[in-house]
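Here are the chains, one letter per residue:
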Amino acid sequence: MPGSLLDRSPQLDRERLVRELVPPPRFDAERFSTYRPDPAEPSQAAAVERLQSYAAALDGGAPRGWFGRRRRPASGRGIYLDGGFGVGKTHLLASLWHDVPGPKAFGTFVEYTNLVGALGFQPTVEALSGHQLVCIDEFELDDPGDTVLMATLLGRLADAGVSLAATSNTLPDALGEGRFAAEDFLREIQALSARFDVVTVEGPDYRHRDTVDAPPPLTEDEVASAVDREGGLLDHFVDVTRHLSTVHPSRYRAMLDGVGAVGWTHVRPVTDQAVALRLVVLADRLYDAAIPVFASGAALSDLFPAELLSGGYRKKYFRALSRLTALARADLQ
């Protein structure tokens with residue numbers, strides 16, 4: 001019999017937050033050699049070549065000092081992968097992480113801000129400043145606090161010689177636009193932008209190259225049957241949204257430990273932005289763990305209404321829709 005997400009309320013584990021700064025399980029085996037550039041999009045093959053050169057420089061390009069130890073550069077220089085949804089930016093970032101010797105870290109933007117919230121700013125700097133490489137997936141600035149925090153954190157890490165790599169759907173000098181008074185934080189945004197060389201990755205969403213629309217909603221009985229397996233969860237969609245408000249987003253990964261499938265009944269469009277943003281984080285964690293999603297009610301492609309899809313967080317919402325619809329097809333392929 002399926003379980004319920006409502007029974008899962010993990011406690012904060014600070015050591016786990018640091019330990020799990022690695023690529024999601026779906027990217028364990030991915031390397032540059034497994035990335036398939038679209039022949040119609042030359043920027044994709046160019047991005048692979050650029051990142052391979054960057055990895056080689058980090059691996060063997062630094063001069064060595066006493067006893068053959070690699071000297072760390074005086075100031076790290078970053079690579080910033082800019083592109084639309086589903087062009088393989090996370091695959092490329094994970095491939096870079098796998099290619100570069102440690103110590104190293106890989107996490108989403110949200111995971112790093114959560115790390116600072118859990119450990120404190122200086123302990124986070126100390127935990128990461130000895131790293132060769134820090135990878136930041138889904139880089140975005142949603143509020144003034146994050147802007148100042150990340151500008152300061154990345155500045156401290158770069159000054160310590162840590163190399164940085166990031167992915168985003170927004171060019172670095174346009175971060176924050178439409179979310180807050182970004183013009184009031186131009187100094188911080190420009191400081192962030194100056195630390196990266198931008199590599200553009202163009203192309204269509206690979207998750208939907210063969211099919212565009214989400215699969216049609218299932219019946220409630222079909223959802224229940226689909227998640228009647230080990231690790232299956234079955235919940236009313238409204239109950240899920242309410243439960244997410246009781247669990248800090250930093251714990252969503254732990255909340256999905258051991259989950260094999262997720263079923264939602266009575267899915268309906270979400271109009272409240274706070275609820276929608278929590279669903280975005282959940283969608284990211286579901287996608288990271290490759291957990292299939294089965295749903296009845298409204299189509300997952302209709303989860304966010306037009307007013308949200310045209311607002312400042314639209315790129316987050318479109319990414320979530322792309323990932324949820326891919327997960328909804330996972331057991332259909």
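This one's a predicted model, so the numbers in the text were calculated from it and none came from an experiment.

Visitor: For the nonpolar core, give the residues involved together with the corresponding values.
Guide: Core analysis: the largest hydrophobic core is formed by 39 residues, its most contacted members being Trp264, Leu282, Leu286, Leu303 and Phe304. Tallying contributions element by element places helix α11 (residues 273-288) first for this core, with nine residues. Ranked by size, the runner-up nonpolar core spans 26 residues in total, among them Phe109, Val116, Ile136 and Phe196.

Visitor: I'd like to hear about the packing of helix α9 (residues 237-244) against α11, residue by residue, with values.
Guide: Viewed as axis vectors pointing N to C, α9 and α11 meet at an angle of 90 degrees, and their least axial separation amounts to 10 Å. By the angle class used here, α9 and α11 are roughly perpendicular. Contacts from Phe237, Val240, Thr241 and Leu244 in α9 reach Val275, Arg278, Leu279 and Leu282 in α11. Looking at side-chain class alone, the contact of α9 with α11 contains six nonpolar, one polar and one charged residues.

Visitor: Outline the sheet that holds strand β1 (residues 78-83), supporting the account with residue identities and numerical values.
Guide: With parallel pairing, the five strands of this open sheet are ordered in space as β2-β3-β4-β1-β5. One side of each edge strand has no neighbouring strand; the edge strands of this open sheet are β2 (104-108) and β5 (196-201). The sheet shows a mean angle of 15 degrees between the axes of neighbouring strands, taken without regard to direction. Each of β2 and β3 (133-137) is contacted by helix α4 (residues 109-119), which is oriented at about 105 degrees to β2, the strand it contacts most.

Visitor: Lay out the packing of aromatic side chains with the relevant residues and their values.
Guide: Applying the stated criterion across every chain yields a total of six aromatic pairs. Their ring planes at 55 degrees and their centres at 6.3 Å tell us that Tyr80 and Phe139 sit as a pair that is tilted. On the criterion of sequence distance, the pair formed by Tyr80 in strand β1 and Phe139 in the loop between β3 and α6 (144-159) is long-range, its members being 59 residues apart. With a relative accessible area of 1%, Tyr80 lands in the buried category. Where Tyr80 meets Phe196, the ring centres are 5.4 Å apart and the plane angle is 70 degrees; that geometry is what we call edge-to-face. Here Tyr80 is found in strand β1, whereas its partner Phe196 is found in strand β5, with 116 residues between them in sequence. No difference in accessibility class separates Tyr80 from Phe196, as the two residues are buried. Ring pairs connect the aromatic residues Tyr80, Phe109, Phe139 and Phe196, which therefore count as one cluster.

Visitor: Can you lay out the pattern of salt bridges for me, pointing to particular residues and giving the numbers?
Guide: Per the counting criterion, the structure on display carries 11 salt bridges. A salt bridge links Arg253 to Glu20, with the nearest nitrogen and oxygen atoms 3.6 Å apart. Here Arg253 is found in helix α10 (residues 252-255), whereas its partner Glu20 is found in the loop between α1 (14-19) and α2 (42-61), with 233 residues between them in sequence. A residue is classified by how much of its surface remains accessible, and Glu20, at 22% relative accessible area, is partly exposed. Taking the shortest distance from any N to any O, the salt bridge between Asp197 and Arg50 comes out at 3.7 Å.

Visitor: Please give an account of unusual backbone geometry that cites residues and values.
Guide: Cis rather than trans, the peptide bond between Gly102 and Pro103 has omega equal to 0 degrees. One can find Pro103 in the loop between α3 (89-99) and β2. For Ala290, which is not glycine, the phi dihedral falls at a positive 55 degrees. Its place among the elements puts Ala290 in the loop between α11 and β8 (293-297). Accessibility expressed as a relative area gives 39% for Ala290, which makes it partly exposed.

What counts and what doesn't
All residue numbers refer to position in the chain's written sequence, counted from 1. Selection of residues for local features in this predicted model requires a pLDDT of at least 70, selection of side-chain atom pairs for listing and counting requires 80 or more, and totals for whole chains, interfaces and linings are taken over all residues. Note that the side-chain values use all heavy atoms of the structure and ignore hydrogens as well as water. Among the buried residues, those of types Ala, Val, Leu, Ile, Met, Phe, Trp, Tyr and Cys that are joined through side-chain atoms within 4.5 Å form a nonpolar core. We call a residue buried when its accessible area falls under 20% of the maximum for its residue type, exposed when it is over 50%, and partly exposed in between, using a 1.4 Å probe and counting protein chains only. Note on conventions: DSSP H or I runs of at least 4 residues are helices, E runs of at least 2 residues are strands, and numbering of each starts at the N terminus. Axis definition: a line fit to C-alpha positions, over the contact stretch in the case of helices; interaxial angles, taken between N-to-C directions, run 0 to 180 degrees. Roughly parallel means an angle under 35 degrees; roughly antiparallel, over 145; roughly perpendicular, 65 to 115; everything else is oblique. Contacts are residue-level and defined by heavy atoms, with any inter-residue pair within 4.5 Å sufficient. Gly is placed with the polar residues, together with every amino acid not listed as nonpolar (Ala, Val, Leu, Ile, Met, Phe, Trp, Tyr, Cys and Pro) or charged (Asp, Glu, Lys and Arg). When DSSP locates at least two bridges between a pair of strands, those strands are taken to pair. To pair, rings of Phe, Tyr and Trp, with the six-membered ring standing in for Trp, must have centres within 6.5 Å; the planes then decide the type, stacked if under 30 degrees apart, edge-to-face if over 60, and tilted in the middle. One speaks of a salt bridge when a side-chain nitrogen belonging to Lys or Arg is within 4 Å of a carboxyl oxygen belonging to Asp or Glu.

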